[in-house]
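Examining the three-dimensional arrangement
Spelled out from the first residue to the last, the chains are:
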Amino acid sequence: PWDDSPVPAEHQLRGLGPVIMTVRALPPTDALLRDVTNMRAVRSYEDPEGAGGEVHVYDMGEGGPHAELHVAVQPGLEPARPGAGGVHHVAFRAPDDETHRAWLDRLTDMRVQNSGWVDRFWFHSIYFREPGGVLFEIATDGPGFGVDEEMDALGETVVLPPFLEAHRQRIVSNLKPID
């Protein structure tokens, strides 16, 4: 728990459940997940949302709920559009730059179109789309949010990466206070 939070410890978010993404057809997504990202298909279950399809569960690393990706299949699905209620992308972790570089090499060697290496100041990213259109990101742990402010003061002020600093006034003027 965060001791300085105005939210009582018993009501604070402590983690998130697995990512659930939806595709029209499983085979192309399944191939990318298994062959490119080395995920393992571990089980499936009926879609609890009543859409009539199945949800296929993949895990990565050592597995477990924190390392699962659930893929719901809905053949009649309309293409997603950016907007309220939508998710821009799903991010996966690379613990260091060496692992990150290996992922970039793997994607390139397997001819998966990708963004190349992107410097986000606090971390490094690679973006690519799976065949169903969902945007994936592989992001490094570091250099981390402590690179430009004290760790015990994170979240107390608006901190922008250097490439956005020129837009500070416009960005900050559009922020709404959190009550």
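Please refer to the structure higher up on the page.
Residues numbered from 1 in each chain as written. Predicted model: local features only at pLDDT ≥ 70, side-chain atom pairs only at ≥ 80, totals over all residues. Heavy atoms only, no water.

So, about the overall build of the protein. Secondary structure assignment for the protein yields 3 helices and 8 strands. Along the chain direction, N to C, the helices and strands of the protein fall in the order β-α-β-β-β-β-α-β-β-β-α. By its C-alpha atoms, the protein is 45 × 40 × 35 Å across when sized along the principal axes. Within the span of the protein, comprising 179 residues, buried residues form 30% of the whole. Summarising the internal contacts of the protein: among those between residues at least 6 apart in sequence, 45% fall at separations of at least 24. Side-chain charges in the protein split into 15 positive and 29 negative, and the spacing between the mean points of these groups amounts to 8 Å. (Helix = DSSP H or I, 4+ residues; strand = E, 2+ residues; numbered from the N terminus. Buried < 20%, exposed > 50% of the residue type's maximum accessible area, 1.4 Å probe, protein only. Contact = heavy atoms within 4.5 Å. Lys, Arg positive; Asp, Glu negative; His and termini not counted. Charge placed at Lys NZ, Arg CZ, Asp CG, Glu CD.)

Moving on: the nonpolar core. Counting 22 residues, the largest nonpolar core has M21, L33, L69, V71, L107, F128 and F136 as the members making the most contacts within it. Elements with a contribution of two residues or more to this core: β1 (19-23), α1 (26-36), β4 (68-73), β5 (90-94), α2 (97-109), β7 (123-129) and β8 (135-143). Top contributing element to this core by residue count: α1, with 4 residues. (Core = buried A, V, L, I, M, F, W, Y, C linked by side-chain atoms within 4.5 Å.)

Applying the stated criterion to the full structure yields 4 aromatic pairs. Between F92 and F136 the ring centres are 5.2 Å apart and the planes differ by 85 degrees, which places this aromatic pair in the edge-to-face class. Of the two residues, F92 is situated in strand β5 and F136 in strand β8; the sequence distance between them amounts to 44 residues. Side by side, F92 and F136 carry an identical accessibility label, which is buried. A ring pair is formed by F128 and F136, whose centres lie 5.6 Å apart and whose planes are at 90 degrees; its orientation type is edge-to-face. (Phe/Tyr/Trp six-rings, centres within 6.5 Å; stacked < 30°, edge-to-face > 60°.)

Here we take up the sheet that holds β4. An order of β1-β4-β3-β2 is seen for the 4 strands of this open sheet, with the pairing classed as mixed. Edge positions in the open sheet fall to β1 and β2 (40-46), since each of these has one partner strand only. Each strand of the sheet is rotated relative to its neighbour by a mean of 25 degrees, with strand direction disregarded. (Pairing = 2+ DSSP bridges. Axes fitted to C-alpha atoms, helices over the stretch in contact; angles between N-to-C directions.)

As a further point, take the sheet that holds β7. What the 4 strands build is an open sheet, ordered β5-β8-β7-β6; its pairing is mixed. Bordering the open sheet on either side are β5 and β6 (118-119), each of which pairs with just one other strand. Strand direction decides the pairing type here: β5 and β8, joined by 5 bridges, are parallel. Looking at β8, one finds that R93 is bridged to A139.

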